[in-house]
Amino acid sequence: MESDRILFFAGHPQALGLYLCLEEQILCRVPEAVIKASKTQISFGNPRGFAFVSFLPVRPAAMRPEAYITVSFGLGYRKQSPRIDGAVEPYPGRWTHHVMIGSPEELDEELLNWIAEAAAFSAAKRKESRTQTPASG
């Protein structure tokens, strides 16, 4: 594991195990994913970001697990599920969903299928942008 990802968990070492389980599962489903860590999040891209790990507090403090990660993913529509802690549309046709994960059991097929769908959505957007030609003036 890269040192930048280890450093990301310096203030939350108890959440590292959750992340490692998630990373393994994402790479099994999207082996071409590129992982980048910053101070605020770890992103998975192809090359556009499709899934993100952070410590975004999407629930009130009393409802957060002691150790958690927030998994965010982007889709072209708003996914409806009681598991989704929040969803925003930063621009038309792009919805970012946030799911707080507090145990390995929550890294289940439902969540991983959403992430795989997000990867496909991101890859389609990349192909779409490559096939569009600028209008001539």
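Heads up: the structure comes first, above all this text.
The structure presented is a predicted model; accordingly, all values stated were derived computationally and were not measured. Every chain begins its residue count from 1, and numbering advances along the sequence as written. Totals for whole chains, interfaces and linings use every residue, but because this is a predicted model, local features are given only for residues with pLDDT of at least 70 and side-chain atom pairs only at 80 or more, for both listing and counting. Side-chain measures were taken over the full set of non-hydrogen atoms in the model, leaving aside hydrogen atoms and water.

A. Representation of the pattern of salt bridges within the structure. One side-chain nitrogen of Lys or Arg within 4 Å of one carboxyl oxygen of Asp or Glu is enough to make a salt bridge. Summed over the entire model, instances satisfying the criterion amount to six salt bridges. The salt bridge involving Glu109 is made with Arg29; its shortest N-O contact spans 2.5 Å. Taken together, the residues Glu109 in helix α3 (residues 109-131) and Arg29 in helix α2 (residues 16-29) connect sequence positions 80 residues apart. Three exposure classes are used, based on accessible area relative to the maximum for each residue type with a 1.4 Å probe and protein chains only: buried under 20%, partly exposed in between, and exposed over 50%. Using a relative accessible area of 47% as the deciding quantity, one classes Glu109 as partly exposed. With a closest N to O distance of 2.8 Å, Asp108 and Arg83 form a salt bridge. Of this pair, Asp108 sits in the loop between β6 (94-101) and α3 while Arg83 sits in the loop between β4 (69-75) and β5 (86-91), and the two are 25 residues apart along the sequence. Through salt bridges with shared partners, one network takes in Arg83, Asp108 and Glu110. Here a helix means four or more residues in a row that DSSP labels H or I, a strand means two or more in a row labelled E, and each is numbered from the N terminus.

B. The nonpolar core, seen in detail. Counting 31 residues, the largest nonpolar core has Leu22, Phe50 and Ile69 as its most contacted members. The element that contributes the greatest number of residues to this core is α3, accounting for six residues. With sequence-adjacent residues up to four places away left out, Leu22 is seen in contact with Val53, Ile69, Val71, Leu107, Leu112 and Ile115. Residues grouped as a nonpolar core are buried Ala, Val, Leu, Ile, Met, Phe, Trp, Tyr and Cys residues, joined through side-chain atoms within 4.5 Å. Contacts are residue-level and defined by heavy atoms, with any inter-residue pair within 4.5 Å sufficient.

C. Focus on α2. By this rule the span expected of a helix is its residue count minus one, scaled by 1.5 Å. In a regular helix each residue adds 1.5 Å, so 14 residues correspond to 20 Å; α2 covers 20 Å between its end C-alpha atoms and thus fits that length. Taken together, the buried positions of α2 are Leu18, Tyr19, Leu22, Glu23 and Ile26. Take α2 and look down its axis: the buried residues cluster within an arc of 130°, on one side only. Among the exposed residues of α2, those pointing more than 90 degrees away from its buried face are Glu24 and Cys28. This arc corresponds to the set of directions leading from the helix axis out to the C-beta atoms.

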